[in-house]
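Read off the chains here:
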Amino acid sequence: EHVGLRHYPEFFEHCYKLLKPDGTALLHSINRSDGPGATSAWVAKYIFPGGYIPALSEVMPAIEKSGLLVTDIEILRLHYAETLRRWRCRFSGQLDEVRALGYPERFLRLWHYYLCYCEAAFEERYTGVVQLQMDKPMCRRDTVGSTAVSVRPRPAIDVQAAAEEFVTPPNCEPAGQVFAEREYR
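Residues numbered from 1 in each chain as written. Predicted model: local features only at pLDDT ≥ 70, side-chain atom pairs only at ≥ 80, totals over all residues. Heavy atoms only, no water.

Trainee: Describe the overall build of the chain, naming the residues involved and giving the relevant values.
Mentor: From N to C terminus, the chain includes nine helices and three strands. For the chain, the α and β elements follow one another from N to C terminus as α-β-α-α-β-α-α-α-β-α-α-α. Across the chain, every contact between residues at least 6 apart in sequence was considered, and the portion connecting residues at least 24 apart equals 78%. In the form shown here, the chain has an accessible surface area of approximately 11,700 Å², with 57% of it arising from carbon and sulfur atoms. (Helix = DSSP H or I, 4+ residues; strand = E, 2+ residues; numbered from the N terminus. Contact = heavy atoms within 4.5 Å. Areas by Shrake-Rupley, 256 points an atom, 1.4 Å probe, with all protein chains shown as cover.)

Trainee: I'd like a rundown of the nonpolar core, residues and numbers included.
Mentor: Counting 15 residues, the largest nonpolar core has I47, L84, F91, Y114, L115, F122 and V129 as the members making the most contacts within it. Those elements giving two or more residues to this core turn out to be α4 (77–93) and α6 (105–123). If one sorts the elements of this core by residue count, α6 sits on top with six residues. The contacts of I47, once residues within four sequence positions are left out, are W42, L110, W111 and Y114. (Core = buried A, V, L, I, M, F, W, Y, C linked by side-chain atoms within 4.5 Å. Buried < 20%, exposed > 50% of the residue type's maximum accessible area, 1.4 Å probe, protein only.)

Trainee: Any chance you could break down the side chain of E119 for me, citing the residues and the numbers?
Mentor: When you line up the elements, E119 lands in helix α6. Overall, E119 belongs to the buried group, its relative accessible area being 0%. At 2.8 Å, the side chain of E119 and the side chain of R88 are in polar contact. (Polar contact = N/O pair within 3.5 Å; in protein donor to acceptor, adjacent residues only side chain to side chain.)

Trainee: Account for the sheet that holds strand β2 (residues 69–75), with residues named and values stated.
Mentor: Read across the sheet, three strands follow the order β1-β3-β2 without closing on themselves; strand pairing throughout is antiparallel. In this open sheet, the two edge strands, each paired with only one partner strand, are β1 (24–32) and β2. Direction aside, the axes of adjacent strands within the sheet are offset by 25° on average. Note: β2 against strand β3 (residues 127–135), six bridges, orientation antiparallel. By the bridge assignment, I75 is partnered in β3 with V130. Across the sheet, α4 is in contact with β1, β2 and β3; its angle to β3 comes to roughly 125°. (Pairing = 2+ DSSP bridges. Axes fitted to C-alpha atoms, helices over the stretch in contact; angles between N-to-C directions.)

Below, the structure written as structure tokens:
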């Protein structure tokens, strides 16, 4: 999403050139679910001026023209909604520390709104995180494997202990409820 729509052909051609003849690349990017569109005016003004979240239909032609072959696609919509919820909860639980860094109240409201906005967008299927596995045509082995297998964490850690380390601050309601109960100005 940071390359820019008009630079996709150049980006994927460069990926192709950098890979070995039997190489594989994995692209991890945010995508929009509803087809090509425009960036939210609010996000463009306050968060990512000039930013654009592409639809898969805008990315795929550039990949195909580069000579790369898409060999696996996975959409991680709810994973990222949960990540955003945790970021928002941790941010909300440390507002005094953030204030001590000198950030004004306006920034705190703006950032909280942004995290809620993004969390809700992922939950409601407006956006997702896409992982695209792309191979050069000479690749004859499953070098990375399915992203569902290779990218997800393996149970090499004590999951229960890791879960107990993460403490959700109290009163961390779902983003949809936050929007319903608060006014943002």
